[in-house]
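Residue-level structure breakdown
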Amino acid sequence: MTDALKVHLRVFEIHRTTLRVVTLRPQTGVRFSTNYYHDTWHILAGPDGAALLGRLLWGLAFQNQPGTCVLIDQAHLVPTPFEGDPPDPILLVPAGLTRIDLDVLRALKLRLRRSPGNPTTIRWHTFGMAAAQAADVDHRRRWRPDELLGARERMSRRAGFICFTAPAELLRQNALAMACMVRPGYLPLATRDAPGTYHYDGELQLVDEFYNSAVAARIARHEILGEDRPIADDAERERIFDRKEQVERKARARSE
């Protein structure tokens with residue numbers, strides 16, 4: 001049986017709304033990143049990030065306290081492993097249990113920056129997940145969930161957070177799919193079907209050598225830009241990406 005994950009819990013009263021915000025502890029060494037590409041919001045991670053995100057979603061599916069959500073904040077985020085772009089915090093929200101509007105999100109962001117409060121350490125359980133994984137023989141069905149159920153799954157950027165919202169059944173299904181991810185690839189999130197099309201608003205992208213690539217991208221961005229500023233144009237972005245690949249090749253050569 002997998003040991004329960006120790007996480008932090010902070011309770012905030014914001015605009016007459018009680019939020020129970022769960023975050024990772026500093027001791028948890030897993031990191032994530034985010035970006036927006038091809039009209040799709042991405043959560044970027046390595047295999048350890050996919051596995052941890054699956055555990056967070058599975059546990060979130062069984063919560064019964066309204067206002068509960070999971071926040072992956074700056075302490076567990078790194079720049080993108082492509083061009084070193086800054087990431088956004090990730091908020092995981094169980095549809096039907098927790099409802100957060102823009103005003104609450106803006107106030108939460110301000111509260112976290114000014115007065116994050118003292119956390120309580122709790123255990124995040126994933127009872128039944130291992131058995132569900134063993135019995136999971138048709139994981140591809142999650143790519144096209146039931147239409148009515150899928151309509152309640154959302155991924156977007158709101159008040160500076162990358163928000164992923166889904167009902168409990170889809171949280172569990174996505175959790176199992178993430179547990180299967182061990183090689184570079186994509187898991188669609190928040191699908192939107194239209195006649196003759198298949199689109200999704202979000203993805204979990206598992207990146208090869210995620211941590212090393214993030215470090216290399218940070219180095220390349222500093223060498224090309226020389227300062228902390230947004231990338232000016234596509235040509236500059238390509239220069240950073242090419243330089244990042246050079247940095248990675250040199251690092252691999254040194255380790256051989």
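Presented here is a report on the structure given in the accompanying data block. Keep in mind the model is a prediction, meaning the values are calculated, not measured.

1. Observations concerning the pattern of salt bridges
Following the criterion strictly, the structure yields 9 salt bridges and no others. Between E227 and R229 there is a salt bridge, with the nearest N and O atoms lying 3.3 Å from each other. Here R229 falls in the partly exposed class, since its relative accessible area comes to 25%. Salt bridges sharing common partners tie together E83, D85, R221 and R237.

2. Here we look at the sheet that holds strand β2 (residues 17–24)
Here we have 7 strands laid out as an open sheet, ordered β7-β1-β2-β5-β6-β9-β8, and mixed in their pairing. In the strand order of this sheet, the two ends are held by β7 (120–124) and β8 (154–158), each with one partner. Strand-to-strand twist of the sheet, defined as the mean angle between neighbouring strand axes without regard to direction, takes the value 30°. Across 5 bridges, β8 lies against strand β9 (residues 161–166) in antiparallel orientation. Within β9, the residue paired with M155 across the bridge is F164. Here helix α2 (residues 102–114) sits on the sheet and contacts β1 (5–14), β2, β5 (68–72), β6 (90–94), β8 and β9; the angle it forms with β1, its principal contact strand, is near 115°. Packed on one face of the sheet, helix α5 (residues 168–179) meets β6 and β9 and runs near 110° to β9.

Reading the values: the criteria
- Residues numbered from 1 in each chain as written.
- Predicted model: local features only at pLDDT ≥ 70, side-chain atom pairs only at ≥ 80, totals over all residues.
- Heavy atoms only, no water.
- Salt bridge = Lys/Arg side-chain N within 4 Å of Asp/Glu carboxyl O.
- Buried < 20%, exposed > 50% of the residue type's maximum accessible area, 1.4 Å probe, protein only.
- Pairing = 2+ DSSP bridges.
- Helix = DSSP H or I, 4+ residues; strand = E, 2+ residues; numbered from the N terminus.
- Axes fitted to C-alpha atoms, helices over the stretch in contact; angles between N-to-C directions.
- Contact = heavy atoms within 4.5 Å.

Everything listed here is a matter of geometry and, on its own, says nothing about what the molecule does.
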